[in-house]
Amino acid sequence: NLMQSVSFLASTSMLLVLAIFTPFGQLPALSRALGALGLATDYTALDMQLHLLVLLAIFVSSFFAFTLSLRQFNHFCIMLGAISHEVPATEEEIDSIAMLNSLAAKNFNSGIRAYYFAVPAVAWFASPWLAIGVTLITTGFIVHREFFSSAHRIAASVAVIASRGEQGKLG
């Protein structure tokens, strides 16, 4: 299920990359459309291209993060399936598989973060100050989720419990 989610987001990133190329040929129409929305845009064509290039970079980086994550999750599944079921797995095997799973999750999170930062990039079309404000809010949101959320506390407590178990084995 996780691999399907990663695959979906990688495909979505590629569709967004392709969609961002469309306005490059229609910069005056994009400027008029933003004006019709009531967004005060006095951007030059070069400014608009820069905005679009930033969005393009964000979604290209998310595509690469998601596809790398998908590849790593695939290797994780292969390694998990390759373990012998007749003898207990060695600590090295278990550690290698767990590290690969963690690396895949880390790359998945990088792709998700790119999506988060696409929001301030879109806000930049309305105002540079709005983009700065939304960037700060987005950064605060991510910091809270990564370091102060319930999920982080649970993961940290599981890591402490596992560490105590390892110390008990050694002692």
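Quick notes on a nonpolar patch on the surface
Then step 1. A contiguous nonpolar surface patch, about 400 Å² in accessible area, is contributed by Met14, Leu15, Leu18 and Phe21.
Then step 2. Residue placement: Phe21 occurs in helix 1 (residues 2–24).
Then step 3. For Phe21, a relative accessible area of 47% translates into the label partly exposed.

Focus: the nonpolar core
Then step 1. By size, the foremost hydrophobic cluster in this structure holds 16 residues, and its most contacted members are Ile20, Leu30, Met48, Leu52, Leu55, Phe59 and Phe125.
Then step 2. Looking at this core, the elements that each hand over two or more residues are helix 1, helix 2 (27–36), helix 3 (45–82) and helix 4 (91–123).
Then step 3. Counting residues per element, this core draws most heavily on helix 3, at 6 residues.
Then step 4. In this structure, Met48 is in contact with Leu27, Leu30, Ser31, Leu34, Tyr43 and Phe125, ignoring residues within four places of it in sequence.
Then step 5. Counting residues in hydrophobic clusters, the runner-up holds 7 residues, among them Val6, Leu9, Phe66 and Phe108.

A word on the packing of aromatic side chains
Then step 1. Summed over the entire model, instances satisfying the criterion amount to 6 aromatic pairs.
Then step 2. When the centroid spacing of 5.7 Å and the interplanar angle of 55° are considered together, the rings of Phe66 and Phe108 count as tilted. Taken together, the residues span a long stretch of sequence, with Phe66 in helix 3 and Phe108 in helix 4 at a distance of 42 residues. Each member of the pair, Phe66 as well as Phe108, is classed as buried.
Then step 3. Their ring planes at 70° and their centres at 5.8 Å tell us that Phe66 and Tyr115 sit as a pair that is edge-to-face. Of this pair, Phe66 sits in helix 3 while Tyr115 is found in helix 4, placing the two residues 49 residues apart along the sequence.
Then step 4. The structure contains a cluster of three or more aromatic residues connected by ring pairs, namely Phe59, Phe66, Phe108 and Tyr115.

Definitions and limits used
Residues numbered from 1 in each chain as written. Predicted model: local features only at pLDDT ≥ 70, side-chain atom pairs only at ≥ 80, totals over all residues. Heavy atoms only, no water. Patch = residues over 30% accessible without salt bridge, like charges linked within 9 Å, V, L, I, M, F, W, Y side chains within 5 Å. Areas by Shrake-Rupley, 256 points an atom, 1.4 Å probe, with all protein chains shown as cover. Salt bridge = Lys/Arg side-chain N within 4 Å of Asp/Glu carboxyl O. Helix = DSSP H or I, 4+ residues; strand = E, 2+ residues; numbered from the N terminus. Buried < 20%, exposed > 50% of the residue type's maximum accessible area, 1.4 Å probe, protein only. Core = buried A, V, L, I, M, F, W, Y, C linked by side-chain atoms within 4.5 Å. Contact = heavy atoms within 4.5 Å. Phe/Tyr/Trp six-rings, centres within 6.5 Å; stacked < 30°, edge-to-face > 60°.

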